Amino acid sequence: QVQLVESGGGLVQPGGSLRLSCVASGSIVIVYDMGWYRQAPGKQRELVAIINKGGSTNYADSVKGRFTISRDNAKNTVYLQMDSLKPEDTAVYYCNGKINFYTYWGQGTQVTVYS
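Read on for an overview of the structure. Since the structure is predicted, the reported quantities are computational estimates derived from the model, not experimental observations. (Residues numbered from 1 in each chain as written. Predicted model: local features only at pLDDT ≥ 70, side-chain atom pairs only at ≥ 80, totals over all residues. Heavy atoms only, no water.)

### Here we look at the overall build of the protein
- The helix and strand tally for the protein stands at zero helices and 11 strands.
- Traced from its N-terminal end to its C-terminal end, the protein shows the element sequence β-β-β-β-β-β-β-β-β-β-β.
- Relative to a compact globule of 115 residues, whose C-alpha radius of gyration would be 13 Å, the protein shows 13 Å and is just as compact.
- Summarising its shape, the C-alpha atoms of the protein cover approximately 40 × 25 × 25 Å along the three principal directions.
- Counting over 115 residues, the protein shows a buried share of 40%.
- When contacts within the protein are restricted to residue pairs at least 6 apart in sequence, long-range pairs at least 24 apart make up 54% of them.
- In the form shown here, the protein has an accessible surface area of approximately 6,100 Å², with 49% of it arising from carbon and sulfur atoms.
- For the protein, the separation between the mean place of its 11 positive charges and that of its 8 negative charges on side chains is 3 Å. (Helix = DSSP H or I, 4+ residues; strand = E, 2+ residues; numbered from the N terminus. Rg over C-alpha atoms; globule rule 2.2 N^0.38 Å. Buried < 20%, exposed > 50% of the residue type's maximum accessible area, 1.4 Å probe, protein only. Contact = heavy atoms within 4.5 Å. Areas by Shrake-Rupley, 256 points an atom, 1.4 Å probe, with all protein chains shown as cover. Lys, Arg positive; Asp, Glu negative; His and termini not counted. Charge placed at Lys NZ, Arg CZ, Asp CG, Glu CD.)

Printed below as a string of structure tokens:
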């Protein structure tokens, strides 16, 4: 069994910053891609950023230049540094990981940017 647990969400004013963390635990043999997704009320869940095991990254156009994804393979942890936050960034943010032979999701953490 594998679990992903996010932390770091909260309330922030436009232009502010937050740093999200996601720690994978359990019977982990290997971790491949890890990423962050978000879902706002009434909208589909969308990819925010993804990072593969070697460190290559991809970002949604809406966050490019403002968000940075990183990972610490030794700690089975992925981070999302969010700068210059906008009200449109308000959503539940979910951690995703390809671990062993399966894909896992975290429980989500709320990010709210003052409107």
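Continuing now.
### Quick notes on the packing of aromatic side chains
- A full pass over the atoms with the stated rule returns two aromatic pairs.
- A cation sits over an aromatic face here: Arg45 above Tyr94, 3.8 Å from the ring centre. (Phe/Tyr/Trp six-rings, centres within 6.5 Å; stacked < 30°, edge-to-face > 60°. Lys NZ or Arg CZ within 6 Å of the ring centre and 35° of its normal.)

### A look at the sheet that holds strand S7 (residues 67-72)
- Spatially, the four strands line up as an open sheet ordered S1-S3-S8-S7, and their pairing is antiparallel. If you trace the sheet from one side to the other, it starts and ends with strand S1 (2-7) and S7, each paired once. Geometrically, the sheet is characterised by an average inter-axis angle of 15° between neighbouring strands, direction not taken into account. (Pairing = 2+ DSSP bridges. Axes fitted to C-alpha atoms, helices over the stretch in contact; angles between N-to-C directions.)

### Comments concerning the pairing of strand S8 (residues 77-82)
- Of all six residues that make up S8, five are buried, and the element is covered over most of its length.
- Two elements, strand S3 (residues 18-26) and S8, share six bridges in a ladder whose sense is antiparallel. By the bridge assignment, Leu18 is partnered in S8 with Met82.
- Relative to S8, S7 is paired through six bridges, and the arrangement is antiparallel. Of the residues in S8, the one forming a bridge with Arg71 is Val78.
- Joining the antiparallel neighbours S7 and S8 is a turn of four residues, in which Asn76 adopts a positive phi near 50°.

### Looking at the nonpolar core
- Core analysis: the largest hydrophobic core is formed by 28 residues, its most contacted members being Trp36, Val48, Phe67, Val78, Leu80, Met82 and Tyr93.
- Elements that contribute at least two residues to this core include exactly S1, S3, strand S4 (31-39), strand S5 (46-51), S7, S8, strand S9 (91-99) and strand S11 (109-113). (Core = buried A, V, L, I, M, F, W, Y, C linked by side-chain atoms within 4.5 Å.)

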